[in-house]
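A look at the structure
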Amino acid sequence: MKHIKYLVPNMQAGLFLIFILFFGISLNSQNFVTTYAGTGSPGFVNGDTSIASFNKPFGICIDPDGNLYLADAYNHCIRKIGIDGQVSTYAGTGTAGYLDGPADEAKFNQPINICLDDDGNMYVSDFINQRIRKISSDMEVTTIAGSGQAGYLNGPANEAKFNYPRGICLDDTGNIYIGDSWNHRIRKISTEGIVSTWAGGGTSIGVQSVGDYVDASDTAARFYTPCELSIDQYNNIFVADAYNHRIRKIDPTRMVTTVAGTGESGPDGGGFQNGIASEAMFKVPTACHVSLTGSILCWGW
C-alpha cells in the first residue's frame with residue numbers, strides 16, 4: 001500500500017517558480033503546460049472544467065480511477081474533477097466553519113492539503129480549524145485529531161494541538177504525518193490515535209515565530225515553517241521547508257537530511273538558482289512531490 005501526494009501551489013502568489021530535481025533522469029521530449037480546469041478568476045462554480053472556478057486551491061490528490069480532488073481553501077471545501085471533465089463539490093458547504101457529519105453538510109475552514117488511502121478515505125489538513133479531518137469512503141466527515149486550539153501538545157488525538165497544519169501524507173501502515181507549520185515540526189498520528197512528534201524540535205512556536213535549520217535525528221532536527229509533505233515507496237518523507245528554502249528528507253529511522261537548497265534562512269533568504277542540488281537555491285518552497293521514479297517536483301513563491 002502506497003500513498004503518493006500530488007500538490008498545487010497557492011494561487012495567490014504573485015510569482016511562482018517550479019523546480020524539478022532529477023536523479024539520473026533525462027528529458028527527451030518537450031513539456032507543455034495547459035490549463036486543466038478553472039477560469040483563472042476566483043469563484044465557486046461547478047460544472048465543466050472550462051467554466052468551473054476555484055478560490056486559492058492548494059493540495060491535490062488523485063484516486064485510482066483518475067479523478068482529481070482539490071483542497072479549495074478559500075471556498076472552504078473539497079472539490080472533485082471527474083474523469084468526465086465535470087467539477088463538483090466533494091465535501092463542505094462552501095461556508096467557513098467546523099462541523100462533522102455528512103459530506104454535503106460538513107464545514108471546513110481553509111482546508112489546505114489532502115491525501116487518500118487505499119480504501120478511498122480522504123484525510124484533510126483543516127488549516128484554520130487546527131484539526132485533521134477524515135472523509136470516509138461513505139462520505140461522512142469526522143475529526144481524527146486536534147482539539148481546535150492552536151498550540152503544541154502531543155497525546156490522545158482528540159486532545160492534541162497543532163499550529164496551522166499544512167502537509168499531510170500516509171505511510172504504508174496507515175500512520176499519518178503532518179507538516180505542523182508554525183510548530184516547526186513534523187507530527188505523527190498513529191493508527192492507535194496517538195499524536196507524537198516525528199521530527200523537529202525547539203522552543204520557538206506560534207505564528208511568525210522563528211525556526212531553525214539543523215540536520216539531525218528526530219527531535220534534534222530543526223525546521224522553519226515546514227509545509228507540504230510527500231512520501232515515497234520506501235517511507236521516506238520529503239518536506240518543503242519553506243523559510244529554510246530547502247527540501248528536506250526524513251528517512252524511516254527519523255534521520256533528517258537536506259536533499260536540495262542552500263543559502264540563508266528566514267523570510268528574506270533564499271533565491272533562484274539552478275544546478276546541482278547542493279548549490280541550487282529556492283525561494284520559500286511550499287510544496288513538493290516525489291514521483292515513483294525518484295524525481296522531486298517542488299514550487300514556491
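Here goes a summary of the coordinates provided. None of these values were measured; they are calculated from a predicted model.

Reading guide: rules and limits
- Residues numbered from 1 in each chain as written.
- Predicted model: local features only at pLDDT ≥ 70, side-chain atom pairs only at ≥ 80, totals over all residues.
- Heavy atoms only, no water.
- Buried < 20%, exposed > 50% of the residue type's maximum accessible area, 1.4 Å probe, protein only.
- Helix = DSSP H or I, 4+ residues; strand = E, 2+ residues; numbered from the N terminus.
- Pairing = 2+ DSSP bridges.
- Polar contact = N/O pair within 3.5 Å; in protein donor to acceptor, adjacent residues only side chain to side chain.
- Contact = heavy atoms within 4.5 Å.
- Salt bridge = Lys/Arg side-chain N within 4 Å of Asp/Glu carboxyl O.
- Phe/Tyr/Trp six-rings, centres within 6.5 Å; stacked < 30°, edge-to-face > 60°.
- Lys NZ or Arg CZ within 6 Å of the ring centre and 35° of its normal.

Let's talk about the pairing of strand E15 (residues 176–180)
Counting buried residues in E15 gives five out of five residues, a clear majority hidden from the surface. Across the two faces of E15 the burial is the same, with Ile176, Ile178 and Asp180 and Tyr177 and Gly179 all buried. By the bridge criterion, four bridges tie strand E14 (residues 165–170) to E15 in an arrangement that is antiparallel. The partner of Cys169 across the bridge, within E15, is Tyr177. Where E14 folds back on E15, the antiparallel hairpin that results is connected by five residues, among which Gly174 adopts a positive phi of roughly 95 degrees. Of the strand pairs in this sheet, E15 and strand E16 (residues 185–189) are connected by five bridges, and their pairing is antiparallel. Paired with Ile176 across the bridge in E16 is Ile189. The hairpin formed by E15 and E16 contains four residues between the paired strands, and His184 there has a positive phi angle of roughly 55 degrees.

With respect to the side chain of Arg166
Counting through the fold element by element, Arg166 comes out in strand E14. A polar contact of 3.3 Å, which involves the side chain of Arg166, links it to the side chain of Glu228. Once residues within four sequence positions are removed from consideration, Arg166 is found in contact with Phe58, Ile112, Asn113, Ser125, Phe127, Ile178, Gly179, Ser181, Cys227, Glu228 and Thr286.

A look at the pattern of salt bridges
Overall, the coordinates contain seven salt bridges when judged by the stated rule. Residue Arg133 is joined to Asp100 by a salt bridge in which the shortest nitrogen-to-oxygen separation is 2.8 Å. Placement of the pair is Arg133 in strand E11 (residues 131–135) and Asp100 in the loop between strand E7 (86–91) and strand E8 (101–102), with a sequence separation of 33 residues. Between Arg248 and Asp241 there is a salt bridge, and its shortest N-O distance comes to 2.6 Å. The residues Arg248 and Asp241 share a single accessibility class, namely buried.

A short note on unusual backbone geometry
Glycine aside, residues mostly have negative phi angles, and peptide bonds mostly take the trans form. Positive phi is not limited to glycine here, since Met139 has a value of about 70 degrees. Structurally, Met139 is set in the loop between E11 and strand E12 (140–145). With relative accessibility at 25%, the residue Met139 sits in the partly exposed group.

Some details on the packing of aromatic side chains
Here the structure, examined in full by the defined rule, presents five aromatic pairs. Ring geometry for Tyr69 versus Tyr90: centroids 4.9 Å apart, planes at 70 degrees, classification edge-to-face. One end of the pair, Tyr69, is in strand E5 (residues 68–72); the other, Tyr90, is in strand E7, and 21 residues separate them in sequence. One aromatic cluster in this structure is built from Trp182, Tyr224 and Tyr243. Here Arg246 stacks its cationic end above the ring of Tyr213, 4.1 Å away from the centre of that ring. Positioned over the ring face of Phe223 is Arg248, at 4.9 Å from the centre of the ring.

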